[in-house]
Amino acid sequence: MNITHPQQQQQVEEEEEDEKANNEWEFKLSTVISSQSSTSSRAASDTVGVLEFDPSDQLLATGGIARKIRIYNISSLLLGDTTSLRQLDHLSACEYYICTPAKLSSIRWKPNTSGSVIGSGDYDGVVTEYNLEKRVPVFERDEHGGRRIWSVDYSRWIGASGSDDGTTQLWDTRCRGDECVAVVQPSVGRSPVCCVEFDPFGSGLIAMGCADRNAYTYDIRKTDNPVSVFVGHEKTVSYVRFLGEHMMVTAGTDGCLKLWDTANAHSMRTFKGHVNNRSFVGLSVWRHGGLIGCGSESNEVFVYDKRWSEPIWLGGLEGTLGPGSEDKFVSGVCWRQQVKEDECTLVAGGSDGALQVYVGKKKA
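Now for a description of the structure that goes with this document. (Residues numbered from 1 in each chain as written. Predicted model: local features only at pLDDT ≥ 70, side-chain atom pairs only at ≥ 80, totals over all residues. Heavy atoms only, no water.)

What follows concerns the side chain of E197. Here E197 shows up in strand β15 (residues 193-198). Given the relative accessible area of 3%, E197 is considered buried. Polar contacts involving the side chain of E197 include one to the side chain of R108, which spans 3.1 Å. Discounting chain neighbours no more than four positions away, the residues touching E197 are R108, D153, L205, I206, A207, V240, R241, F242 and R287. (Helix = DSSP H or I, 4+ residues; strand = E, 2+ residues; numbered from the N terminus. Buried < 20%, exposed > 50% of the residue type's maximum accessible area, 1.4 Å probe, protein only. Polar contact = N/O pair within 3.5 Å; in protein donor to acceptor, adjacent residues only side chain to side chain. Contact = heavy atoms within 4.5 Å.)

Attention now goes to the sheet that holds strand β28 (residues 343-350). Read across the open sheet, the five strands follow the order β5-β1-β29-β28-β27; overall the sheet is mixed. The two strands at the open ends of the sheet, each matched to only one other strand, are β5 (86-89) and β27 (330-335). Across the sheet, the axes of successive neighbouring strands diverge by a mean angle of 25°, strand direction being ignored. Bridge count for β28 against strand β29 (residues 355-362) is seven bridges, and the pairing is antiparallel. Its bridge partner being in β29, T345 is matched across the sheet by V359. (Pairing = 2+ DSSP bridges. Axes fitted to C-alpha atoms, helices over the stretch in contact; angles between N-to-C directions.)

Turning our eyes to something else, we now look at the sheet that holds strand β7 (residues 104-109). Judged by pairing direction, the sheet is antiparallel, and its four strands sit side by side in the order β7-β8-β9-β10 without closing on themselves. Each end of this open sheet is capped by a strand with a single partner; those strands are β7 and β10 (136-141). Each adjacent strand pair in this sheet contributes to an overall mean axis angle of 25°, direction not counted. Here β7 pairs with strand β8 (residues 117-122) via five bridges, running antiparallel. Note that in β8 the partner of R108 across the bridge is G119.

Let us now look at a negative patch on the surface. On the surface, D124, E140, D142, E143 and E179 cluster together to form a negatively charged patch. Structurally, the position occupied by E143 is in the loop between β10 and β11 (149-154). (Patch = residues over 30% accessible without salt bridge, like charges linked within 9 Å, V, L, I, M, F, W, Y side chains within 5 Å. Areas by Shrake-Rupley, 256 points an atom, 1.4 Å probe, with all protein chains shown as cover. Salt bridge = Lys/Arg side-chain N within 4 Å of Asp/Glu carboxyl O. Lys, Arg positive; Asp, Glu negative; His and termini not counted. Charge placed at Lys NZ, Arg CZ, Asp CG, Glu CD.)

Below, the discussion takes up the side chain of T62. Among the secondary structure elements, T62 is positioned in strand β3 (residues 59-64). For T62, a relative accessible area of 5% corresponds to the buried category. Residues within four places of T62 in sequence aside, it is in contact with V48, V50, L51, K68, I69, R70, Y72, I107 and L355.

In this structure the tally under the stated criterion is 15 salt bridges. A salt bridge links R174 to D172; the nearest nitrogen and oxygen atoms lie 3.1 Å apart. Owing to a relative accessible area of 53%, R174 belongs among the exposed residues under this scheme. The buried category is assigned to D172, whose relative accessible area is 16%. Between D219 and R221 there is a salt bridge, and its shortest N-O distance comes to 2.9 Å. Residue class for R221 comes out exposed when judged on its relative accessible area of 66%. One continuous salt-bridge network, built from bridges that share partners, spans E52, R108, D153, E197, R241 and R287.

Listed below in structure tokens is the structure:
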């Protein structure tokens, strides 16, 4: 009779759980949207830097170098058919677009507006909100001295913008003026703030990723000092995303992602596999499924499960890998947050301006 030591049994169970996580999902490239008539030089100026689904998960907004906010209806991109690859052109796939005065680094749908207002942060250091029904700007604030804004986010009534000037500006979105509620400087040396995100789980925290290699969380009710400092990345922290209650994911240009316990700033897991040494390649989390998506300088999309340090799936756009693709990379990703147990959708944007729609299904 074989007797298994408790530690050995635990190791076996952990390995079985890891194997289950690693094989639970399969992904397929469903739709590619590109500027089919573009020259290569024009496509290079159309890098998709950010993608965001609206609260209904029906509309997708994109922004980037092209100085346009493009709006797509996800139902027209998928059409319920995932059996074959669809090739679409931006001109026909896009519902409409809004021209912006500067290159965009961030866009966010504004809460409490029924998806009718979207905010943006641009390379000129300006936050602009657009009414999508009228397709005109309705609010503007310029508090970063012309320094590039990397990230914009909203809680219920508070807006935030992180900038190259080393600060995060907080303002009350209910006020018509643009006066600050608070100015936060996470780094003593005023290192650029590369990403900001409010905790959607109601903790009152806002997270910030900085070029000083650290991430920070602050209580928006008391911003004098950080609640926690997250130390562990070897290079710039480019993204922060809340994955669940007391869980946060950070991405760094050191080529790794980290999962943190926000209650004690403890690193729970490090994810490696993608390539990220210099560019912003995107980070998004599907909170319901516990999945993490990011881009790569290898021009591939990577998916991680929060339980597994290595990627559970990776895929490159057909025809984009190989000779001549050295300068192409995946520059932005976004999950739909819809609640489905056995299906998910991930959209990726490329440095060549193409969008890639992936459909994931749980294996039987």
